[in-house]
Amino acid sequence: MSWFVRKLRGGKEFAGVSNTAPERVKPLRAAATFKLKECLKVAEDISIAYLLSPDEGRSPSAPPPHPTPPPTQSPASSASKRKEPAEDVEEDGRYNHRHSKRRRKHNEAVYASGHVPLPGSTSSLLAGASAPPIPSDADIHTFPAAHGGYFAKPQRKEDLDIDYDKKYTLEELAALGFTYIAWDGITPIPIYDEDGVIFAVLAGRASDQSYIDDADKAFNLMASIGKEEGQPGPLRLSTGTHAIITAKLLGNRSINRLATFASSSFQRWSPKLFSYYKDHMDALYAHDPSLGRNFSKSVFPCTAFNLSRRSWAFKHRDSTNLPFGWCAICALAKKGFRPHLGGQIIFWELRMVVEFPHAATILIPSACVTHSNVPPAPGNEHLSFTQFAAGALFCFVDNGFQNDKQLFNRNRAEFRRMEALKSTRWENGLGLYSTLDELLDRLD
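About the thresholds
Residues numbered from 1 in each chain as written. Predicted model: local features only at pLDDT ≥ 70, side-chain atom pairs only at ≥ 80, totals over all residues. Heavy atoms only, no water. Phe/Tyr/Trp six-rings, centres within 6.5 Å; stacked < 30°, edge-to-face > 60°. Helix = DSSP H or I, 4+ residues; strand = E, 2+ residues; numbered from the N terminus. Buried < 20%, exposed > 50% of the residue type's maximum accessible area, 1.4 Å probe, protein only. Lys NZ or Arg CZ within 6 Å of the ring centre and 35° of its normal. Pairing = 2+ DSSP bridges. Polar contact = N/O pair within 3.5 Å; in protein donor to acceptor, adjacent residues only side chain to side chain. Contact = heavy atoms within 4.5 Å.

(A) The arrangement of the packing of aromatic side chains in detail. For the structure shown, the criterion picks out 17 aromatic pairs. Measuring from centroid to centroid gives 4.8 Å for tyrosine 168 and tryptophan 348, while their planes differ by 65°, and the two rings are edge-to-face. Residue tyrosine 168 is found in the loop between β4 (134-135) and α5 (170-175), and its partner tryptophan 348 is found in the loop between β10 (345-347) and β11 (352-354); the two are separated by 180 residues along the sequence. Like tryptophan 348, tyrosine 168 is buried. With 6.2 Å between their ring centres and 70° between their planes, phenylalanine 396 and phenylalanine 401 make a pair best called edge-to-face. Given the relative accessible area of 25%, phenylalanine 396 is considered partly exposed. One aromatic cluster is present, built from ring pairs that chain together Phe266, Phe274, Tyr276, Tyr277, Phe300, Phe324, Trp326, Phe394 and Tyr433. The ring centre of tyrosine 168 lies 5.6 Å from the NZ or CZ of lysine 166, which sits over that ring.

What follows is the structure, encoded as structure tokens:
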């Protein structure tokens, strides 16, 4: 696997991956990625173990303090008192039919084809706006998918070692040889396997201030609900006593924007897998309109809200999710949150620790990659919400809107045909991932 430089139509150069070279070369690392053990050696205190991006001209051997967060705006400021105008309403209060018609056409296009990223924005990301991709020695073909390709193999405690419920510190992870990625939470960074296939993405976030404002609003709403209800973990969307709460969360405009960004990032970085999701979910909702979508512009059918003010997870895999599918994780935190002090996400098979700043989104195959978090530091508040897809939904659609048992009882011949497909579904699913070359070719 070797690196090459490719020019796009716009003239920008992009370093990609070629599989034509027979020799194996030493994997390159993202510029802001270093061995965690080395990082901690030069830091007098864990609170300053932060690495700057290369364009700031600092050496990784001398990490400076983490940037000071911006001051919190006073509630008495005029900006906080100003109400946002309603959609399609001008400042003088008149209704703008042209804006309304344009927005309606845009929404119809999104519902029909997904939130298609603009070619220019995708070209910019792939041609240099994103950080160098992160190689790994992972072989996705060895991921623990169960036979049939709809689920991952159940995770046993003995597979996680005796410390499966341990709170790991950065020092302990450094001793285990983990790589630390000081991510800004904005710049998209793909993660690829030994063959150059992108199987996970640090998707980042939108760079404009309004997106941060929406993330702040989403955090405040979720934190207030968590405080009122005392809910320690995910909410089930159909539990009776939580119906009002979930409706409030799913109907929130700020949360919808974050959900839409995750879905559009999914489509940008894995368009074939996105189409697989969309085709199945469109069929499912057409078959049973009463199910309803959680978010009108998101392809993900399932959502979980983690409302504890110090949300973090032990080592686990979400084995009932589609094994080759992606789970979107969005981190939300109180203003002043410093991601180098805690809340980092750990990818165990990849031996990586990644900073997870406020409003950032990560896309991972959560059924196959064991992940956990470093607990947030005392005083730091950290929530999250995830979007995912249960493998059983895809099985239900493929079986003609029935489960395996129902199909067996109703149509033995079709059941045997579907059973025969199970031997190839996992490999076919992996074929839905993209390489950087394929993403670039789609722009030509």
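(B) Structural detail: the pairing of strand β12 (residues 361-364). Alternating positions in β12 separate into two faces, Thr361 and Leu363 on one and Ile362 and Ile364 on the other, with burial throughout. Two strands pair when backbone bridges link them, and strand β7 (residues 197-204) and β12 are joined in this way by three bridges, in the antiparallel orientation. Each residue of the ladder has a partner; that of glycine 204, found in β12, is threonine 361. Relative to β12, strand β9 (residues 327-333) runs antiparallel, the two sharing four bridges. Looking at the pairing, alanine 328 lines up with leucine 363 of β12.

(C) Quick peek at the side chain of asparagine 256. If you trace the backbone, asparagine 256 turns up in helix α8 (residues 253-269). Among the polar contacts listed, one links the side chain of asparagine 256 to the backbone oxygen of asparagine 252, at a separation of 2.8 Å. Apart from residues lying up to four places away in sequence, asparagine 256 is in contact with Leu250, Gly251, Phe295 and Ser296.

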